[in-house]
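The primary structure of each chain is shown beneath.
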Amino acid sequence: MAGSMPEDVVLVIGAGLGGLCLAQGLRKAGIPYAVYESDPSPEFRRQGYRLHIDSRGDDALRAVLPAHLHELFRATSGRPRASTPVYDTQLTPVADLGLERRSVQLNINRFTLRQILLEGLENVHFGKEFVRYERRGATVIAQFADGTEARGAVLVGADGVNSPVRRQYLPHARVVDTGLRQLYGKIPLTAETRELFDPAMYAVFSFISGPDKSMIGVAPVDYPEPVAEACARLAPSLRLRDHEPYMTCAFGARKETFAQSDDELRALSGEAMRELVLGRIKGWHPRVIRMVESWIPESAFLISIRTSVPIDPWEPTSVTLLGDAIHAMSPAAGAGVNMAMRDGAALAAALSSGKPGAIGEYEAEMRRHGFAAVRESAANGQRFLGQDPLPAAS
């Protein structure tokens, strides 16, 4: 049993970017923490590739990370064009969507950022599947599938869209299918493949619009300096594993576009996923076809896009939530990871304030910002991608 842990600890369920941002903030404030993640290792699951970080995410990272790690994050982030160009299937430009004016627009590799957020955290436990919690007076007890438990003063569900913490704590909170599916691939950026992309495509995100709301989306990860040199200069003890530039390339469409079920799609090999996408883009510009042909086969995977449905306020307790565990959203506003890290930094600040009612104040702001982003993402997804309308708030 994990009974030797002090009971003023903050128990963080989930070692995604929001949970790690919270843990870094607690560490900086001198608050005991413990992070429990069901995956056996940080690199176990493919959760996506390129991340778009705006000023909300950058401010959160600046608040929680030691200065040298925040500088390393900046040194390993690309500076894309701050726009979203839109093309038709023949690569004719049809629009250039202006982004909300924020002072920061960065692209970074997801696993690079996760490694930076893990640096210096000494109480992160992998292979710990959370089952349920129990509240006994001022103590929260987390129970795990291996029969162990952990005790703390606060329990935070940072465990993603399928959050077991949310299901127990707010069983009425709904997560619904958006009707959208995306097949993700990764294109290595070499002298040859760089010629496939217009200069304007080295942007935050580029959108190639096809029939029936199908699309190809591309976005770069291009390191401004060699990663090994950045680590040697800023964090010599850290060896970041990813250093090759690439383009994320995703095919998105309504689920009805595919003859296969989600389980059947997930069972496809990378080569078969690539061939499936090539079959859907026949007649598109030859450069688009070559983009998909350039996918690294083992990089391909399916994402079934879901969204939370906003809910009314609840009475705050010593259990709370952050990120996708409470306000999962489609990627159509590029906000999800920024909101999760914003939550992590805000909750760390609230807990370090020592104020009565700090969790309630955090939750009020989290709901306001998080559910606003859910609604914006749903509206953009409906307009551009054919996403199902967001159900009425419950």
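Residues numbered from 1 in each chain as written. Predicted model: local features only at pLDDT ≥ 70, side-chain atom pairs only at ≥ 80, totals over all residues. Heavy atoms only, no water.

*Asks:* So what exactly am I meant to see when it comes to the sheet that holds strand β10 (residues 149–152) here?
*Replies:* Strand pairs in the sheet, formed through backbone hydrogen bonds, run parallel or antiparallel to each other. Strand order across the open sheet formed by 3 strands is β8-β9-β10, with antiparallel pairing between neighbours. Each edge of the sheet is formed by a strand with only one pairing partner; in this case those strands are β8 (130–136) and β10. Shown here is a sheet whose adjacent strand axes are inclined to one another by a mean of 20 degrees, direction ignored. Bridge count for strand β9 (residues 139–144) against β10 is 4 bridges, and the pairing is antiparallel. For I141, the partnering residue across the bridge sits in β10 and is R151. (Pairing = 2+ DSSP bridges. Helix = DSSP H or I, 4+ residues; strand = E, 2+ residues; numbered from the N terminus. Axes fitted to C-alpha atoms, helices over the stretch in contact; angles between N-to-C directions.)

*Asks:* I keep staring at helix α9 (residues 270–280) and nothing clicks. Help me out?
*Replies:* Spacing of three or four residues puts side chains on the same side of an α-helix, whose turn is 3.6 residues. Listing the buried residues of α9 in full gives G270, M273, R274, L276, V277 and L278. Looking at the packing, one finds that the buried side of α9 touches β12 (175–188), β14 (215–221), β15 (246–254), α8 (262–266), α10 (286–293) and β16 (301–308). (Buried < 20%, exposed > 50% of the residue type's maximum accessible area, 1.4 Å probe, protein only. Contact = heavy atoms within 4.5 Å.)

*Asks:* Any chance you could explain the packing of aromatic side chains here in plain terms?
*Replies:* Any pair of aromatic rings gets described here by the distance separating the centres and the angle formed by the planes. For the structure on display, the rule yields 8 aromatic pairs. A ring pair is formed by Y49 and F301, whose centres lie 5.6 Å apart and whose planes are at 75 degrees; its orientation type is edge-to-face. One end of the pair, Y49, is in the loop between β2 (33–37) and β3 (50–54); the other, F301, is in strand β16, and 252 residues separate them in sequence. Owing to a relative accessible area of 7%, F301 belongs among the buried residues under this scheme. Ring pairing ties together the aromatic residues Y49, Y184, Y246 and F301, which thus form one cluster. Geometry around Y246 places K186 over its ring, the cationic atom sitting 4.8 Å from the centre. Note that R367 overlies the ring of W314, its terminal NZ or CZ placed 4.5 Å from the centroid. (Phe/Tyr/Trp six-rings, centres within 6.5 Å; stacked < 30°, edge-to-face > 60°. Lys NZ or Arg CZ within 6 Å of the ring centre and 35° of its normal.)

*Asks:* Can you walk me through the packing of helix α2 (residues 55–64) against helix α12 (residues 336–353) in this structure?
*Replies:* Helix-helix packing is described using two parameters, namely the angle between the two axes and the distance between the axes. Where α2 meets α12, the closest approach of the two axes is 8 Å, and the angle between their N-to-C directions is 30 degrees. With respect to α12, the axis of α2 lies roughly parallel. Handedness of the crossing formed by α2 with α12: left-handed. Contacts from R56, G57, A60, L61 and V64 in α2 reach N338, M339, M341, R342 and A345 in α12. Partitioning the contact of α2 with α12 into residue classes produces 6 nonpolar, 2 polar and 2 charged. (Parallel < 35°, antiparallel > 145°, perpendicular 65-115°, else oblique. Left-handed = near helix turned anticlockwise from the far one by under 90°. Nonpolar A, V, L, I, M, F, W, Y, C, P; charged D, E, K, R; others polar.)

*Asks:* Would you explain the UniProt feature "domain: FAD-binding" (unreviewed entry) in the protein in this entry?
*Replies:* Taking the numbering used here, the UniProt-annotated feature "domain: FAD-binding" (unreviewed entry) corresponds to residues 10–169 and 313–376. Secondary structure content for residues 313–376 is 64% helix and 5% strand, while the C-alpha to C-alpha distance between its ends is 19 Å. (UniProt positions renumbered as here; feature names shortened; annotations may be inferred.)

*Asks:* Could you clarify how one ought to interpret the sheet that holds strand β7 (residues 124–126) in this entry?
*Replies:* Across the sheet, 5 strands lie side by side as β7-β2-β1-β11-β17; this open sheet has parallel pairing. What marks the edges here is a single partner per strand, and that holds for β7 and β17 (319–321). Taken over all neighbouring pairs, the strand axes of this sheet differ in orientation by 20 degrees on average, direction set aside. Where strand β1 (residues 10–13) lies against β2, 4 bridges are found, and the strand directions are parallel. Within β2, the residue paired with I13 across the bridge is Y36.

*Asks:* Can you walk me through the pattern of salt bridges in this structure?
*Replies:* Side-chain pairing between opposite charges can occur once the charged atoms of the two side chains come close. Evaluated as defined, the whole model comprises 19 salt bridges. Put simply, D58 and R74 hold a salt bridge, and the shortest N to O gap is 3.1 Å. Of this pair, D58 sits in helix α2 while R74 sits in helix α3 (residues 67–75); the two residues are 16 residues apart in sequence, bridging distant segments of the chain. R74 gets classed as partly exposed once you look at its relative accessible area, which sits at 23%. (Salt bridge = Lys/Arg side-chain N within 4 Å of Asp/Glu carboxyl O.)

*Asks:* Which parts of the structure should I look at to understand a negative patch on the surface?
*Replies:* A grouping of E271, E275, E293 and E298 is seen on the molecular surface, where their side chains present a negatively charged patch. The residue E271 is located in helix α9 in this model. (Patch = residues over 30% accessible without salt bridge, like charges linked within 9 Å, V, L, I, M, F, W, Y side chains within 5 Å. Areas by Shrake-Rupley, 256 points an atom, 1.4 Å probe, with all protein chains shown as cover. Lys, Arg positive; Asp, Glu negative; His and termini not counted. Charge placed at Lys NZ, Arg CZ, Asp CG, Glu CD.)

*Asks:* Please clarify how the nonpolar core should be interpreted in this entry.
*Replies:* Nonpolar side chains in soluble globular proteins tend to end up buried together. Formed by 88 residues in total, the largest nonpolar core has its most connected members in I53, L72, L113, L155 and M341. The greatest single-element share of this core, amounting to 8 residues, is contributed by α12. Not counting residues up to four positions away in its chain, the partners in contact with L155 are L11, I13, F130, Y133, V140, A142, V165, S318, V319 and T320. Residues L183, I208, M247 and L276 belong to the second largest nonpolar core, which totals 30 residues. (Core = buried A, V, L, I, M, F, W, Y, C linked by side-chain atoms within 4.5 Å.)

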